[in-house]
Amino acid sequence: MQEYFAAIDIGATKTTASVSSRDGILARVYQPTRKRGDRGTVPRQVDFLIGFACRQAAIDKGQITAVGISTASPFEKRGERLVVVAPNICGGLAEKREASENDWTEIPLEEDLSGKYPRLRIANDCISAAVAERSFGAGRGEKDMLYVTWSTGIGGGAFVDGHLLTGKNDNALHLGHIVMNHNYEGEPQCGCGGYAHLEALVAGPAIARQYGEESREVFKRCREGEPKAEALIRKVAAVMALGLYNAVALLDTRLIILGGSVSKNWDLLEPLVGEEFYKCFPSLTREVVFRHSELDDYLGDMAGLSLVMPDSWIARWQAGKPWEQAPEITVLESDVG
Ligand SMILES: [Zn+2]
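Each chain has its residues counted from 1, running along the sequence as written. A pLDDT threshold of at least 70 governs which residues receive local features in this predicted model, and a stricter bar of 80 or more applies before side-chain atom pairs are shown or counted, although totals over entire chains, interfaces and linings include all residues.

**Comments concerning the domain arrangement of the protein**
Piece 1. Where each domain begins and ends follows an automated or database-derived domain assignment. Taken domain by domain, the protein comprises domain 1 (4–128 + 297–331) and domain 2 (138–292).
Piece 2. A C-alpha centroid distance of 26 Å is found between domain 1 and domain 2.
Piece 3. The interface of domain 1 with domain 2 comprises 13 residues on the first partner and 13 residues on the second.
Piece 4. Each helix is a run of DSSP H or I of at least 4 residues and each strand a run of E of at least 2, with the numbering of both proceeding from the N terminus. Those elements giving two or more residues to the side of domain 1 that touches domain 2 turn out to be strand 5 (75–78), strand 7 (120–124) and helix 3 (125–136). Residues are scored as being in contact if the C-beta atoms we place from backbone atoms lie within 7 Å.

**A few points about the sheet that holds strand 9 (residues 154–160)**
Piece 1. Here, strands pair whenever DSSP counts at least two bridges between them. Taken together, 5 strands build an open sheet; the order of strands is 10-9-8-11-12 and the sheet is mixed. With partners counted over all chains shown, the strands left at the sheet margins are strand 10 (163–164) and strand 12 (289–292), one partner each.
Piece 2. Bridge count for strand 9 against strand 10 is 2 bridges, and the pairing is antiparallel. For Phe159, the partnering residue across the bridge sits in strand 10 and is Leu164.
Piece 3. Strand contacts of helix 7 (residues 227–251): strand 8 (145–150), strand 9 and strand 11 (255–259), with the helix running at about 155° to strand 8, the strand carrying the most contacts. Here, axes are lines fitted to C-alpha atoms. For helices the fit covers the stretch in contact, and angles between N-to-C directions go from 0 to 180 degrees.

**Points about the packing of helix 7 against helix 8 (residues 266–277)**
Piece 1. Direction vectors running N to C along helix 7 and helix 8 enclose 55°, while the axes themselves pass 8 Å from each other. Here helix 7 is positioned oblique relative to helix 8, judged by the angle of their axes. For the pair helix 7 and helix 8, the sense of crossing is right-handed. Contacts between helix 7 and helix 8 involve Ile233, Arg234, Ala237, Ala238, Met240, Ala241, Leu242, Leu244 and Tyr245 from the former and Leu268, Leu269, Leu272, Val273, Glu276 and Phe277 from the latter.
Piece 2. Polarity classes work like this: nonpolar for Ala, Val, Leu, Ile, Met, Phe, Trp, Tyr, Cys and Pro, charged for Asp, Glu, Lys and Arg, and polar for all others, with Gly in that last group. Considering only residue class, the contact of helix 7 with helix 8 consists of 13 nonpolar, no polar and 2 charged. If an angle is under 35 degrees, it is roughly parallel; if it is over 145, roughly antiparallel; if it lies from 65 to 115, roughly perpendicular; otherwise it is oblique. The handedness criterion is simple: a crossing whose near helix is rotated anticlockwise from the far helix by less than a right angle is left-handed, and one whose near helix is rotated clockwise is right-handed.

**Observations regarding the sheet that holds strand 7**
Piece 1. Spatially, the 6 strands line up as an open sheet ordered 7-4-1-2-3-13, and their pairing is mixed. Looking at the sheet topology across the chains shown, the edges are occupied by strand 7 and strand 13 (330–331).
Piece 2. As paired elements, strand 1 (residues 4–10) and strand 4 (residues 64–71) share 7 bridges and run parallel to each other. Looking at the pairing, Ala6 lines up with Val67 of strand 4.
Piece 3. Of the strands in this sheet, strand 4 and strand 7 are in contact with helix 3, which crosses strand 7 at around 105°.

**Overview of the pairing of strand 11**
Piece 1. Buried means a residue has 20 or more other C-beta atoms within 10 Å of its own C-beta, exposed means 12 or fewer, and partly exposed covers the counts in between; C-beta atoms are placed from the backbone. Of all 5 residues making up strand 11, 5 are buried, and the element is well covered by its neighbours.
Piece 2. Of the two faces of strand 11, the one carrying Leu255, Ile257 and Gly259 and the one carrying Ile256 and Leu258 are both buried.
Piece 3. As paired strands, strand 8 and strand 11 are joined by 5 bridges and run parallel to one another. Within strand 11, the residue paired with Tyr147 across the bridge is Ile257.
Piece 4. With 4 bridges joining them, strand 11 and strand 12 adopt parallel strand pairing. Across the sheet, Ile256 pairs through a bridge with Phe290, a residue of strand 12.

Have a look at this one:
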(Lines give C-alpha, C1' and ligand atoms only; values in the text may rest on other atoms or scores of the structure.)
Protein backbone atom coordinates (compact mmCIF):
# COMPACT_ATOMS: atom_id res chain seq x y z
CA MET A 1 0.00 0.00 0.00
CA GLN A 2 1.26 3.46 -0.89
CA GLU A 3 2.03 5.57 2.20
CA TYR A 4 1.62 9.34 2.41
CA PHE A 5 3.14 11.70 4.95
CA ALA A 6 2.27 15.28 5.81
CA ALA A 7 4.86 17.82 6.95
CA ILE A 8 4.02 21.07 8.73
CA ASP A 9 6.14 24.08 9.53
CA ILE A 10 4.61 26.61 11.94
CA GLY A 11 6.45 29.91 12.04
CA ALA A 12 5.64 33.35 13.38
CA THR A 13 4.56 34.65 9.98
CA LYS A 14 3.48 31.62 7.97
CA THR A 15 2.46 27.99 8.27
CA THR A 16 3.43 25.56 5.53
CA ALA A 17 1.97 22.13 4.78
CA SER A 18 3.18 19.54 2.30
CA VAL A 19 2.26 15.98 1.41
CA SER A 20 4.79 13.42 0.22
CA SER A 21 4.86 9.90 -1.13
CA ARG A 22 7.89 7.62 -1.35
CA ASP A 23 8.78 9.27 -4.66
CA GLY A 24 8.75 12.89 -3.60
CA ILE A 25 6.78 15.92 -2.51
CA LEU A 26 3.33 15.94 -4.15
CA ALA A 27 1.82 19.23 -3.01
CA ARG A 28 2.75 22.28 -0.95
CA VAL A 29 0.72 25.14 0.46
CA TYR A 30 1.23 28.01 2.88
CA GLN A 31 -0.85 30.61 4.60
CA PRO A 32 -0.15 33.38 7.14
CA THR A 33 -0.21 31.83 10.63
CA ARG A 34 -3.56 32.65 12.20
CA LYS A 35 -3.55 35.32 14.88
CA ARG A 36 -7.25 35.59 15.78
CA GLY A 37 -9.77 33.22 17.32
CA ASP A 38 -9.49 30.78 20.21
CA ARG A 39 -6.56 28.62 21.30
CA GLY A 40 -7.65 25.85 18.93
CA THR A 41 -7.26 28.16 15.93
CA VAL A 42 -3.73 27.13 14.89
CA PRO A 43 -4.37 23.35 15.22
CA ARG A 44 -7.50 23.78 13.06
CA GLN A 45 -5.45 25.72 10.53
CA VAL A 46 -2.89 22.90 10.41
CA ASP A 47 -5.65 20.35 9.85
CA PHE A 48 -7.19 22.52 7.13
CA LEU A 49 -3.85 22.97 5.32
CA ILE A 50 -3.16 19.22 5.38
CA GLY A 51 -6.60 18.66 3.85
CA PHE A 52 -5.91 21.32 1.22
CA ALA A 53 -2.55 19.76 0.30
CA CYS A 54 -4.17 16.31 0.10
CA ARG A 55 -6.80 17.59 -2.36
CA GLN A 56 -4.03 19.14 -4.46
CA ALA A 57 -2.19 15.82 -4.41
CA ALA A 58 -5.44 14.03 -5.34
CA ILE A 59 -5.37 11.78 -2.28
CA ASP A 60 -7.80 11.35 0.58
CA LYS A 61 -6.85 12.85 3.96
CA GLY A 62 -7.55 9.42 5.46
CA GLN A 63 -4.56 8.06 3.51
CA ILE A 64 -2.09 10.14 5.58
CA THR A 65 0.03 7.72 7.63
CA ALA A 66 1.80 10.27 9.81
CA VAL A 67 2.20 14.00 10.36
CA GLY A 68 5.51 15.62 11.33
CA ILE A 69 5.27 19.14 12.75
CA SER A 70 8.19 21.52 13.04
CA THR A 71 7.13 24.54 15.06
CA ALA A 72 8.17 27.71 16.80
CA SER A 73 8.65 26.93 20.50
CA PRO A 74 9.25 26.56 23.48
CA PHE A 75 6.89 23.87 24.70
CA GLU A 76 5.36 23.01 28.01
CA LYS A 77 3.60 19.72 28.75
CA ARG A 78 0.02 19.24 29.93
CA GLY A 79 -0.11 15.64 30.99
CA GLU A 80 2.18 14.11 28.38
CA ARG A 81 0.92 16.38 25.60
CA LEU A 82 3.06 19.15 24.14
CA VAL A 83 1.59 22.63 24.13
CA VAL A 84 3.29 25.47 22.26
CA VAL A 85 4.14 28.48 24.40
CA ALA A 86 6.00 30.60 21.84
CA PRO A 87 5.58 34.35 22.49
CA ASN A 88 5.71 35.10 18.74
CA ILE A 89 2.54 33.09 18.07
CA CYS A 90 0.92 33.21 21.51
CA GLY A 91 0.09 36.90 21.83
CA GLY A 92 -0.96 36.60 25.48
CA LEU A 93 2.67 35.82 26.37
CA ALA A 94 4.28 38.67 24.50
CA GLU A 95 5.39 41.79 26.33
CA LYS A 96 4.78 43.91 23.26
CA ARG A 97 1.62 43.01 21.42
CA GLU A 98 2.51 44.10 17.90
CA ALA A 99 3.91 40.66 17.10
CA SER A 100 0.66 38.81 17.74
CA GLU A 101 -2.73 40.29 18.44
CA ASN A 102 -4.31 37.16 19.94
CA ASP A 103 -4.90 36.52 23.65
CA TRP A 104 -4.05 32.85 23.84
CA THR A 105 -1.06 31.89 25.99
CA GLU A 106 -0.68 28.34 24.73
CA ILE A 107 -1.61 26.23 21.71
CA PRO A 108 -2.72 22.66 22.51
CA LEU A 109 -1.18 21.32 19.31
CA GLU A 110 -0.73 17.69 20.32
CA GLU A 111 -4.05 17.38 22.17
CA ASP A 112 -6.05 18.82 19.28
CA LEU A 113 -4.35 16.92 16.44
CA SER A 114 -3.33 13.55 17.85
CA GLY A 115 -6.75 11.96 17.43
CA LYS A 116 -7.01 13.03 13.79
CA TYR A 117 -4.01 11.16 12.37
CA PRO A 118 -2.57 7.67 12.97
CA ARG A 119 0.77 9.11 14.05
CA LEU A 120 1.87 12.60 15.01
CA ARG A 121 5.34 13.81 15.90
CA ILE A 122 6.02 17.38 17.00
CA ALA A 123 9.42 19.02 17.50
CA ASN A 124 10.72 22.53 17.65
CA ASP A 125 12.03 23.94 14.40
CA CYS A 126 15.71 23.57 15.33
CA ILE A 127 15.45 20.01 16.62
CA SER A 128 13.63 19.01 13.45
CA ALA A 129 16.16 20.91 11.31
CA ALA A 130 18.96 18.98 13.05
CA VAL A 131 17.19 15.72 12.16
CA ALA A 132 16.76 16.85 8.54
CA GLU A 133 20.37 18.00 8.15
CA ARG A 134 21.66 14.74 9.62
CA SER A 135 19.49 12.63 7.31
CA PHE A 136 19.69 14.67 4.10
CA GLY A 137 21.94 17.71 4.45
CA ALA A 138 25.27 18.93 5.77
CA GLY A 139 25.28 16.55 8.74
CA ARG A 140 24.92 13.20 6.98
CA GLY A 141 26.55 10.42 8.99
CA GLU A 142 27.74 12.71 11.80
CA LYS A 143 27.17 11.43 15.36
CA ASP A 144 28.08 14.63 17.21
CA MET A 145 26.53 17.62 15.55
CA LEU A 146 24.83 20.85 16.41
CA TYR A 147 22.42 22.69 14.13
CA VAL A 148 22.09 26.40 14.89
CA THR A 149 19.67 28.82 13.32
CA TRP A 150 20.97 32.38 13.15
CA SER A 151 17.96 34.36 12.09
CA THR A 152 15.34 36.62 13.72
CA GLY A 153 16.01 34.36 16.69
CA ILE A 154 18.75 31.94 17.71
CA GLY A 155 18.04 28.27 18.35
CA GLY A 156 19.72 24.91 18.28
CA GLY A 157 19.22 21.19 17.97
CA ALA A 158 21.88 18.57 18.68
CA PHE A 159 22.91 14.96 18.36
CA VAL A 160 25.39 13.58 20.90
CA ASP A 161 26.78 10.07 20.31
CA GLY A 162 24.15 9.72 17.58
CA HIS A 163 21.29 10.45 20.01
CA LEU A 164 18.95 13.35 19.40
CA LEU A 165 18.77 15.54 22.50
CA THR A 166 15.22 16.50 23.45
CA GLY A 167 14.89 17.09 27.22
CA LYS A 168 12.03 17.07 29.71
CA ASN A 169 9.77 19.32 27.63
CA ASP A 170 11.48 18.84 24.24
CA ASN A 171 13.22 22.21 24.54
CA ALA A 172 16.90 21.21 24.17
CA LEU A 173 18.74 23.45 23.11
CA HIS A 174 17.27 26.92 23.39
CA LEU A 175 20.67 28.36 22.62
CA GLY A 176 19.28 31.88 22.11
CA HIS A 177 18.51 32.15 25.81
CA ILE A 178 21.91 31.36 27.29
CA VAL A 179 23.28 34.26 29.34
CA MET A 180 26.40 35.90 27.95
CA ASN A 181 27.16 38.38 30.73
CA HIS A 182 26.46 38.14 34.48
CA ASN A 183 26.33 41.94 34.76
CA TYR A 184 22.97 42.99 33.29
CA GLU A 185 23.67 46.72 33.46
CA GLY A 186 23.34 48.22 29.99
CA GLU A 187 22.62 44.81 28.44
CA PRO A 188 19.64 44.48 26.07
CA GLN A 189 16.47 42.69 27.14
CA CYS A 190 15.57 39.48 25.30
CA GLY A 191 12.08 38.75 23.95
CA CYS A 192 11.75 36.22 26.80
CA GLY A 193 12.27 38.95 29.40
CA GLY A 194 15.86 38.01 30.34
CA TYR A 195 18.95 40.17 29.90
CA ALA A 196 22.21 39.62 27.96
CA HIS A 197 20.81 36.53 26.25
CA LEU A 198 22.65 35.46 23.09
CA GLU A 199 19.58 36.14 20.94
CA ALA A 200 19.29 39.72 22.23
CA LEU A 201 22.93 40.31 21.28
CA VAL A 202 23.40 38.71 17.86
CA ALA A 203 20.08 37.78 16.17
CA GLY A 204 18.93 39.78 13.13
CA PRO A 205 16.83 42.31 15.10
CA ALA A 206 19.74 42.82 17.54
CA ILE A 207 22.07 43.66 14.65
CA ALA A 208 19.46 46.08 13.29
CA ARG A 209 18.93 47.70 16.69
CA GLN A 210 22.64 48.30 17.24
CA TYR A 211 23.16 49.85 13.81
CA GLY A 212 19.85 51.55 13.06
CA GLU A 213 19.20 49.74 9.75
CA GLU A 214 17.87 46.29 8.82
CA SER A 215 20.48 43.57 9.33
CA ARG A 216 20.55 42.88 5.57
CA GLU A 217 21.62 46.49 4.99
CA VAL A 218 24.30 46.19 7.69
CA PHE A 219 25.81 43.18 5.91
CA LYS A 220 25.68 45.01 2.58
CA ARG A 221 27.55 47.99 4.06
CA CYS A 222 30.01 45.66 5.75
CA ARG A 223 30.79 44.15 2.34
CA GLU A 224 31.32 47.66 0.98
CA GLY A 225 33.88 48.27 3.72
CA GLU A 226 31.87 50.73 5.80
CA PRO A 227 33.80 50.88 9.12
CA LYS A 228 30.81 51.08 11.51
CA ALA A 229 29.12 48.09 9.87
CA GLU A 230 32.40 46.13 9.80
CA ALA A 231 33.00 46.78 13.50
CA LEU A 232 29.48 45.68 14.42
CA ILE A 233 29.60 42.47 12.36
CA ARG A 234 33.00 41.67 13.85
CA LYS A 235 31.60 42.16 17.37
CA VAL A 236 28.45 40.14 16.69
CA ALA A 237 30.50 37.29 15.19
CA ALA A 238 32.75 37.25 18.25
CA VAL A 239 29.80 37.03 20.64
CA MET A 240 28.21 34.26 18.54
CA ALA A 241 31.54 32.40 18.60
CA LEU A 242 31.45 32.43 22.42
CA GLY A 243 27.86 31.16 22.41
CA LEU A 244 28.86 28.32 20.10
CA TYR A 245 31.90 27.60 22.25
CA ASN A 246 29.63 27.32 25.32
CA ALA A 247 27.55 24.73 23.47
CA VAL A 248 30.65 22.78 22.43
CA ALA A 249 31.98 22.84 25.99
CA LEU A 250 28.72 21.20 27.12
CA LEU A 251 28.17 18.76 24.26
CA ASP A 252 31.63 17.95 22.80
CA THR A 253 30.29 18.66 19.33
CA ARG A 254 32.34 17.91 16.20
CA LEU A 255 30.24 19.58 13.51
CA ILE A 256 28.31 22.86 13.75
CA ILE A 257 25.83 23.59 10.94
CA LEU A 258 24.60 27.15 10.59
CA GLY A 259 21.28 28.00 8.96
CA GLY A 260 18.79 30.91 8.96
CA SER A 261 18.62 34.35 7.35
CA VAL A 262 21.65 35.92 9.05
CA SER A 263 23.75 32.85 8.22
CA LYS A 264 23.20 33.56 4.50
CA ASN A 265 26.25 35.77 5.05
CA TRP A 266 28.30 32.80 6.19
CA ASP A 267 31.09 33.59 3.72
CA LEU A 268 31.62 36.83 5.64
CA LEU A 269 30.91 35.44 9.10
CA GLU A 270 32.83 32.16 9.06
CA PRO A 271 36.35 33.64 9.32
CA LEU A 272 35.22 36.10 12.01
CA VAL A 273 33.40 33.46 14.06
CA GLY A 274 36.29 31.02 13.61
CA GLU A 275 38.89 33.57 14.73
CA GLU A 276 37.23 33.91 18.15
CA PHE A 277 35.95 30.37 18.44
CA TYR A 278 39.31 28.63 18.03
CA LYS A 279 40.91 30.93 20.64
CA CYS A 280 38.70 29.18 23.21
CA PHE A 281 40.09 26.08 24.99
CA PRO A 282 41.86 24.38 22.06
CA SER A 283 41.44 20.83 23.42
CA LEU A 284 37.68 21.27 23.02
CA THR A 285 37.56 23.41 19.88
CA ARG A 286 40.45 22.24 17.67
CA GLU A 287 38.56 19.43 15.91
CA VAL A 288 35.30 21.34 15.48
CA VAL A 289 34.25 22.09 11.90
CA PHE A 290 31.65 24.58 10.67
CA ARG A 291 29.41 24.11 7.65
CA HIS A 292 26.57 26.11 6.21
CA SER A 293 23.18 24.37 6.04
CA GLU A 294 22.49 22.44 2.82
CA LEU A 295 18.72 22.37 3.38
CA ASP A 296 18.24 25.99 4.44
CA ASP A 297 15.72 26.77 1.69
CA TYR A 298 13.94 23.41 1.99
CA LEU A 299 13.42 23.11 5.75
CA GLY A 300 9.78 24.22 5.47
CA ASP A 301 9.09 20.84 3.86
CA MET A 302 11.98 18.68 5.04
CA ALA A 303 12.15 19.47 8.78
CA GLY A 304 8.69 18.13 9.62
CA LEU A 305 8.93 15.30 7.10
CA SER A 306 12.26 14.10 8.52
CA LEU A 307 10.57 13.55 11.90
CA VAL A 308 8.27 10.86 10.51
CA MET A 309 9.89 9.56 7.31
CA PRO A 310 10.27 5.76 7.38
CA ASP A 311 13.85 4.42 7.33
CA SER A 312 13.05 2.53 4.13
CA TRP A 313 12.64 5.82 2.23
CA ILE A 314 15.79 7.54 3.41
CA ALA A 315 18.38 6.09 1.00
CA ARG A 316 16.08 6.81 -1.94
CA TRP A 317 15.58 10.44 -0.87
CA GLN A 318 19.29 10.91 -0.16
CA ALA A 319 20.10 9.75 -3.69
CA GLY A 320 17.34 11.57 -5.58
CA LYS A 321 17.00 14.77 -3.49
CA PRO A 322 13.34 15.06 -4.56
CA TRP A 323 12.88 18.18 -2.39
CA GLU A 324 14.78 20.10 -5.08
CA GLN A 325 12.04 19.22 -7.59
CA ALA A 326 9.10 19.95 -5.30
CA PRO A 327 6.05 21.47 -6.99
CA GLU A 328 5.42 25.20 -6.83
CA ILE A 329 3.93 26.24 -3.51
CA THR A 330 0.32 27.46 -3.37
CA VAL A 331 -0.12 30.64 -1.36
CA LEU A 332 -3.46 31.03 0.41
CA GLU A 333 -4.79 34.35 1.68
CA SER A 334 -5.30 34.51 5.45
CA ASP A 335 -9.10 34.38 5.20
CA VAL A 336 -9.26 31.09 3.23
CA GLY A 337 -10.39 28.01 5.18
ZN1 LIG B 1 15.92 35.05 26.18
